[in-house]
Amino acid sequence: MTRFPINELRDIATPFYFYDLGLLDQTLAEVKRTSRDERFRVHYAIKANANPGILRRIQGAGLGVDAVSGGEIEAALEAGFPADKIVFAGVGKTDADIIVALQAEIGCFNVESEAELDVIDEIASAMGKKARVALRVNPNIDPHTHEYITTGLAENKFGINLPQLGGMIDRALDLPSIELIGLHFHIGSQITDFEPFIMLCQEINRIQTEIAARGVKISVINVGGGLGIDYADPDRHPIPDFEGYFKTFRNHLRLLPDQQVHFELGRSIVGQCGSLITRVIYVKEGTSKRFAIVDAGMTDLIRPALYHAHHKIENISDPHGDLHHYDVVGPVCESADIFGTDEMLPSIRRGDLLAIRSAGAYGEVMASQYNCRPLPSSYLHGK
Ligand SMILES: *Cc1c(COP(=O)(O)O)cnc(C)c1O
């Protein structure tokens, strides 16, 4: 559980991201313990958080990286991740991205369309390289999560639809600078019950049986990421149920001899170790509501505005005051700039620090400068 060293934090310019490196290390240790299996490889989805201090920790734990842009590949290399442990996904890889990836000789491209496959082959041929490729298949599974983070349904921009897979496999085998090594799946994010993952395993088993007849050797099954975290009560579940997650795949995925399973976890690794720390600028009394106006806004943490996400809010300056209802709102000129309505919080005064919890994933990386606001800084605790 995260304890905020309030005396250290009081004088830091707000807003900033507070990272509990002790919790990150415990989380990484749990990932390693529960994924111990010579067939399993865990890649960290770097888009969740690319803070260099966080990346060094994750690299030190021996994980690989799942990148979705040339910039992310460069950030991963800079943090010391070996190129062969980097996989590259994304529907819109540019020529420049592909060149960066081929030059670095990354482990695998997760390819999402025939057009992309042809371009990678063309560029690789010109560079005298061979591109290792996994085909991203759209398994048409509904993970029961927010529509913006659902990625595996048929009418979705991601992946290859099942009826097209056979043709894509043939094409990949034909192209001279493509080496087909795997199949890739990713059904969505913030998935907290294991049922969709069981359905994914069953679908993969079915697909494997179907393509076995084609005589293709698939050595990697990449099951993507998506394991969710407890936003409502981060101190009760600071570390997600990795044991149950990996067990689900161990129990339900039928692997062929020598096949590896790749995982791409983002949120579950970094989500709970981060909090956005913000200072109360004003307490404003409305006619029926009381507002805590804080100096962080949707530019620092966009998840509430973008996904209607709710992050737990705490008054860390004065955790023991009398409870009152507050709407906690940011200063940005948008009605969506709200962190919480009718939050029951210990009495808030101007200058108090609030912690907006579970903000380690898709927080700092999504910050913008809308309203000419500066980007939030970060404070790594327990270095
Ligand atoms: C975003 C993404 C992930 C990570 O998702 P999480 O929900 O953060 O675990 C994994 N794979 C792909 C292809 C992604 O786009």
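Residues numbered from 1 in each chain as written. Predicted model: local features only at pLDDT ≥ 70, side-chain atom pairs only at ≥ 80, totals over all residues. Heavy atoms only, no water.

Colleague: Is there a simple way to think about the overall build of the chain in this case?
Modeller: Of regular secondary structure, the chain possesses 11 helices and 17 strands. A compact globule built from 383 residues should have a C-alpha radius of gyration of about 21 Å, and the chain, at 22 Å, falls within 12% of that. C-alpha atoms of the chain, sized along the principal axes, occupy 70 × 40 × 40 Å. Residues classed as buried in the chain amount to 55% of the 383 residues present. (Helix = DSSP H or I, 4+ residues; strand = E, 2+ residues; numbered from the N terminus. Rg over C-alpha atoms; globule rule 2.2 N^0.38 Å. Buried < 20%, exposed > 50% of the residue type's maximum accessible area, 1.4 Å probe, protein only.)

Colleague: Would you take a moment to explain the packing of aromatic side chains for this structure?
Modeller: To describe a pair of aromatic rings, you give the distance between the ring centres and the angle between the ring planes. All chains considered together, the criterion is met by 15 aromatic pairs. Note on F4 and F18: the rings are 5.1 Å apart at their centroids and 50 degrees apart in plane angle, and the pair reads as tilted. Placement of F4 in the segment before α1 (6-9) and of F18 in strand β1 (residues 16-20) is noted, with a sequence separation of 14 residues between them. The class for F4 is buried, based on a relative accessible area of 15%. F18 sits in the buried class, given a relative accessible area of 0%. Between F40 and F246, the ring centres sit 6.2 Å apart and the planes meet at 35 degrees, which makes this aromatic pair tilted. Here the residue F40 occupies a position in strand β2 (residues 40-45), and F246 occupies one in helix α9 (residues 242-252), the gap between them amounting to 206 residues. The pair formed by F40 and F246 is uniform in burial state, with each residue classed as buried. Through pairs of rings, three or more aromatic residues link up here, namely F40, F197, F242, Y245, F246, F249 and F263. Positioned above the aromatic ring of F291, the side-chain terminus of K284 is 6.0 Å from the ring centre. (Phe/Tyr/Trp six-rings, centres within 6.5 Å; stacked < 30°, edge-to-face > 60°. Lys NZ or Arg CZ within 6 Å of the ring centre and 35° of its normal.)

Colleague: Would you mind going over the pattern of salt bridges with me for this structure?
Modeller: Side chains that carry opposite charge are capable of pairing whenever their charged atoms lie near each other. Under the counting rule described, the total for this entry stands at 22 salt bridges. Among the salt bridges present, the one from K289 reaches D342, with a minimum N-O distance of 3.7 Å. Separated by 53 residues along the polypeptide, K289 in the loop between β11 (274-285) and β12 (290-294) and D342 in strand β15 (residues 338-346) bring together distant segments of the chain. Taking relative accessible area as the criterion, K289 reaches 31% and is therefore assigned partly exposed. The residue R349 makes a salt bridge to D318 at a minimum N-O spacing of 3.4 Å. Pair noted here: R349 is in the loop between β15 and β16 (353-356) and D318 is in the loop between β13 (313-315) and β14 (323-329), with a separation of 31 residues, a long-range link. (Salt bridge = Lys/Arg side-chain N within 4 Å of Asp/Glu carboxyl O.)

Colleague: Is there a simple way to explain the side chain of E116 in this structure?
Modeller: By the element assignment, E116 lies in helix α6 (residues 114-127). By relative accessible area, E116 is classed as buried at 6%. E116 has contacts with G90, V91, K93, N110 and V111, leaving out every residue within four places of it along the chain. (Contact = heavy atoms within 4.5 Å.)

Colleague: Can you walk me through the nonpolar core in this structure?
Modeller: In a soluble, globular protein the nonpolar side chains are often hidden away together inside. In terms of nonpolar packing, the biggest core is built from 93 residues, with F109, L135, L183, V223 and I269 touching the most fellow members. Broken down by element, this core gets its largest block of residues, 6 residues, from helix α8 (residues 195-212). Residue assignment places this core across two domains, with domain 1 (21-271) and domain 2 (272-381) each supplying three or more. Discounting residues that sit within four places of it in the chain, I269 has contacts with L24, T27, L28, V31, Y44, I58, L63 and F242. Among the nonpolar cores identified, the runner-up in size contains 10 residues, and F4, I316, L353 and A355 belong to it. (Core = buried A, V, L, I, M, F, W, Y, C linked by side-chain atoms within 4.5 Å. Domains from an automatic or database assignment.)

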